[in-house]
Each structure stands twice: as structure tokens, then as C-alpha cells.
Amino acid sequence: MAWQWFHRLGSPRWFYQKTSGWLPWLALVSIVLLAAGTVWGLGFAPEDAKQGNSYRIIFIHVPAAFLALAGYYIMAISGAIGLIWKMKLSFAVMRAAAPIGAVLTFISLFTGAVWGKPTWGTYWVWDARITSMLILLFLYIGVMALSQAVSREQVADKASALLALVGTVNIPIIYKSVDWWFTLHQPATIRLTESSSIDPSMFYPLLIMIIGFYCLYAWTLLTHTRTLLLRREIRTQWAQQELAGEN
Amino acid sequence: MLLALRKRADIANPLLFFVTVLALLPLGVGPEPDLLAKMAPGMIWVMALLATMLSQESLFRGDFEDGTLEQLALLPQPLYFAVLAKSLVHWIATGLPLALLSPLLALMLNLPTEGYFCLFVSLFLGTASLSLIGAIGAALTVALRRPGLLLALIVMPLYVPVLIFGTGAVQAAIDGYAYSAQLAILAALLAAAAALAPLAAAGAIRISLDN
């Protein structure tokens, strides 16, 4: 009985119908949180003593980077679930997570570069964190490229899931790179266990933005997965019905 | 499987590639000894990495085309050992000669003498890990028609930790610091790669054979 939800999760149809109710709420919550975080962060949070107003880009940079890393875990774990239990749904989640993660990685790299120009005086340095984020981008692109190169869908799923799993070896290295190699990028400022080295007046808008990004991520991932599922299950009856109902 | 050694060109090509690209380097950046000495550890490592990767493509290709790979997968022995043996042969054919050749190249690139031994050991350990990790990429792409660039895209990010610690070790040796820590990490990476990479590659072969 306790495992029933897990077996249900294997059915694309159940997932599709269940999540259609969540989507508007997730969208609403993420819009509200992002709007609140942006207004608070850009308009009301105090100026940084050293960096002036340019620090405000962290309200986008940090959440994007958070999710770029978390998104990789989501991709790899759903790939692993797919490999172990041969679940159609989790492969679809994995395939959907790859491009979203790649875009988030790019956003965090780009905003970092924009911020780096006034602060560090350069757009790009070969610093540990930046380089490892670039590698993360290549990991994402590798998974996407492999899944597109293999023509048979099932084989492509398994192959890219395996690659995603192998790539997880790099994620702790990326995550810890700022603490291990003390280079230009500052060490992590937000800590769960100890007190953060960031002032509460800046921290709360940042926290709101992070939660908002998580909601936005969940919304994008669900939408993308649902589209993929529909495309894959196009021959089945339920998908036909859903499509007919939406038109 | 040691039949692979019979094809002389397969061994010579990565080595020749390695040496040729290194010969191009002074032409490209100018022959100043100081500059070359600074770049030498990194360049030698990057070239070793590229040479290993380019030869990796053919690791399972022949066996895949004539059906040997399917027979290997059907054997009662785990595919793990077959992959391990393949990677070992690949390393003996590419990584080991590269490591043996490296002091000579280091001399040509004016690397300070303190770095020689460390360069050799780091390449010796590092290229073995590269062969093992590359086997995963080769196994994933073996069923594709032209895997060349895709293989590079897949394998490169996985090579990065080896490259970091490899060049780190040589740099530390040149600067006169202790470098045993970096070498120990390289050895640990090798141990982890030997244990896990053939497992992943064997899984990848089974997936590729489904295609």
C-alpha cells in the first residue's frame, strides 16, 4: 500500500493528469515570489558598502547557480531511477532537465561575467568556480548531444542516463571548489549550519528569490516533461484524449 | 586481445600526434625558453590527454563491427573484466609510451629538471585513469556512425579532475614544494576509476548493443 504511489508514478498518464492541477499554482507562486524578491532586492535592499549597486545581480546569479547544480542532481537521480526501475516517466524528467539546467548554468555564468567587469575588472578569469561551472555546462551539453545522437529513443534514454550518472562525480568538486581552492570567487556566503556572512536585509530578498527560482524550475520542468510525455505517448488513447480536450 | 599490439600504426599514431603537436607549440608561441618552461607541464598534460582521447575512439570499434563485442557480452565471465583488460591494453599502447617519452619532451620544452620525475609519475598514473574513463565514452558512442566530436564532448569534462591534479603535481615539483599529495590523489583517482569505470563502461556496452 505504501508503495502504491511509486507504482503509479511509473504511469505517464497518471502523472500527466495529476500534475495538470499543480501547474497554475506553481506558476502563480513563482511569479509572486520572483516579483517580490526582485522589487525588494533591487529597490529596497541596502547598497553594498564596497560594491555599490552592482552587487544586486546576486539576486539572479546565486539562485541560478544553485539550481544549475541542483538540476544536475535531479537529472542524474531521475536517470538512475529510470535505469534501475525502467520507468518511462523518470527518463522523460531526465531529458527535460538537461536543457533547463544548461540554460541556468549559462545564466549564472553570464550574470557572473557582467558582475565581474565592474568588480573584478574583467569579464572572465580562469578561477576554480568559473572553470568548474563551465565544465558543468559541458556536462549538460554532452548529455543533450548524446541523447540526440542516438536514434532509438529507449537507447538514447539509457545512454544519457548513464552519462549523467558518471558526471555526478564532478558535482561535489564544483560545489566545493570555492572552499578548496581559494581563488578570486568568494567562498560560499550562505551557510545552513553556521551564521551566514551576509546581512539579513540582503539575505531575505535573496532567500525569496531562491525559493522563487525553485518554483519556477519546478514549473518549467513539469511543463517540459508533460510535453515530452505527450509526444512520446502520442499513439496511446489517453494522449489522444488529452490533446483533443485541450484543442 | 593483445592482438591490438600487432597493428604498429595504432601505437605510433598517438605518439606521433603527441610529439608533432608539441613541436608546433614553440612555432606558435615563439621559442623563448622561459615562456616554454612555464607552459611545459600544462602543454604536455593537455597533449597527453588529447592523444589518449583520439585513440580511444577505436577501443571497441573493431570488436563491435565484427561482432566480438556481442560475444564478449554473452560470456559467463562479467563484462567488467573484458573492459578492464581492454583499457589496460589501451593504456599500455598509448599512455605508457607517452609517460616514458615525457622526460625527453620535457627536455625539449626546457622544463626545469626538478619536474622530470614528477611529470613521469603523474603521467604514468594519470593516463591510466584517462584510458579507463575514456572507455565509458567509447562504450557509449560505439554504436554511432561518427562519434569523434561527440566522444570528445562527453569525455572531456570527466577528464578534468585528472588534468587538474596532474598539472598541479608538476607545478608543485617545479616550484620546489612537496608534490606527494597530488600524486596520492592521482593514485586514488586511478583506484576509483579502475573500480568504477569498467562497471559503467560495461553497462554502456550493453546499452549500445541494444541499438
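Residues numbered from 1 in each chain as written. Chains lettered and ligands numbered in written order. Predicted model: local features only at pLDDT ≥ 70, side-chain atom pairs only at ≥ 80, totals over all residues. Heavy atoms only, no water.

1. So, the overall build of chain B
1) Next: Assigned secondary structure in chain B consists of 9 helices and 0 strands.
2) Next: The N-to-C order of helical and strand elements in chain B reads α-α-α-α-α-α-α-α-α.
3) Next: A compact globule built from 211 residues would reach a C-alpha radius of gyration of about 17 Å, and chain B, at 18 Å, matches this within 12%.
4) Next: The principal-axis extent of the C-alpha atoms belonging to chain B is close to 55 × 35 × 30 Å.
5) Next: Counting every position in chain B, which comprises 211 residues, the buried fraction comes to 51%.
6) Next: For chain B, the proportion of contacts with a sequence separation of at least 24, taken over those separated by at least 6, is 80%.
7) Next: As presented, chain B carries roughly 9,700 Å² of accessible surface, and 70% of it is formed by carbon and sulfur atoms. (Helix = DSSP H or I, 4+ residues; strand = E, 2+ residues; numbered from the N terminus. Rg over C-alpha atoms; globule rule 2.2 N^0.38 Å. Buried < 20%, exposed > 50% of the residue type's maximum accessible area, 1.4 Å probe, protein only. Contact = heavy atoms within 4.5 Å. Areas by Shrake-Rupley, 256 points an atom, 1.4 Å probe, with all protein chains shown as cover.)

2. Concerning the pattern of salt bridges
All names here are of chain A.
1) Next: On inspection of all chains with the given rule, the structure shows 2 salt bridges over all chains.
2) Next: Close ionic contact of aspartate 157 with arginine 95 constitutes a salt bridge, the shortest N to O distance being 2.8 Å. Note that aspartate 157 is positioned in helix α7 (residues 153-167) and arginine 95 in helix α5 (residues 88-120), a separation of 62 residues in sequence.
3) Next: Notably, a salt bridge pairs aspartate 157 with arginine 232, separated by 3.0 Å at the nearest N-O pair. (Salt bridge = Lys/Arg side-chain N within 4 Å of Asp/Glu carboxyl O.)

3. Focus: the packing of aromatic side chains
For any pair of aromatic rings, geometry is given as the distance between the ring centres together with the angle between the planes.
1) Next: Taken as a whole, this structure holds 5 aromatic pairs over all chains when the rule is applied.
2) Next: Pairing phenylalanine 106 of chain A with phenylalanine 110 of chain A gives two aromatic rings, centres 6.1 Å apart and planes at 20 degrees, and the pair type is stacked. Here phenylalanine 110 of chain A and phenylalanine 106 of chain A lie together in helix α5, a separation of 4 residues that amounts to about one turn.
3) Next: Note on phenylalanine 106 of chain A: relative accessible area 48%, which makes it partly exposed.
4) Next: These aromatic residues form a ring-pair network of at least three members: Trp91, Phe120 and Phe124 of chain B.
5) Next: Between arginine 226 of chain A and the ring centre of tyrosine 16 of chain A, over which it is positioned, the NZ or CZ distance is 4.1 Å. (Phe/Tyr/Trp six-rings, centres within 6.5 Å; stacked < 30°, edge-to-face > 60°. Lys NZ or Arg CZ within 6 Å of the ring centre and 35° of its normal.)

4. Focus on the nonpolar core
One recurring pattern in soluble globular proteins is that nonpolar side chains are buried together.
1) Next: Among the nonpolar cores identified, the biggest contains 129 residues, and Tyr72, Met75 and Leu136 of chain A together with Phe18 and Phe60 of chain B are the most heavily contacted of them.
2) Next: The dominant element in this core, judged by the number of residues it contributes, is helix α7 (residues 115-141) of chain B, at 14 residues.
3) Next: Once residues within four sequence positions are removed from consideration, phenylalanine 60 of chain B is found in contact with Leu69, Val83, Lys86, Ala135, Ala138, Ala139, Val142 and Ile205 of chain B. (Core = buried A, V, L, I, M, F, W, Y, C linked by side-chain atoms within 4.5 Å.)

5. Digging into the UniProt feature "transmembrane region" (unreviewed entry) in chain A
Residue and element names in this part refer to chain A.
1) Next: According to UniProt, the feature "transmembrane region" (unreviewed entry) maps to residues 21-45, 57-84, 96-116, 128-147, 159-182 and 202-222 in the numbering used here.
2) Next: For residues 21-45, the helix share is 92%, the strand share is 0%, and the end-to-end C-alpha distance is 35 Å.
3) Next: The straight-line gap between the two end C-alpha atoms of residues 57-84 is 41 Å; of that span, 96% is helix and 0% is strand. (UniProt positions renumbered as here; feature names shortened; annotations may be inferred.)

6. Regarding the interface of chain A and chain B
1) Next: Listed as interface residues are 20 residues of chain A and, on the opposing side, 18 residues of chain B.
2) Next: Applying the counting criterion to the chain A and chain B interface returns 0 salt bridges.
3) Next: The interface formed by chain A and chain B includes 0 residue pairs in polar contact (both at pLDDT 80 or more).
4) Next: At the level of elements, α6 (128-149), α7 and α8 (170-180) of chain A are the ones that each hand at least two residues to the side of chain A that touches chain B.
5) Next: No other element matches the 8 residues that α6 of chain A contributes to the side of chain A that touches chain B.
6) Next: Residues of the side of chain A that touches chain B, tallied by class, amount to 15 nonpolar, 3 polar and 2 charged. (Polar contact = N/O pair within 3.5 Å; in protein donor to acceptor, adjacent residues only side chain to side chain. Nonpolar A, V, L, I, M, F, W, Y, C, P; charged D, E, K, R; others polar.)

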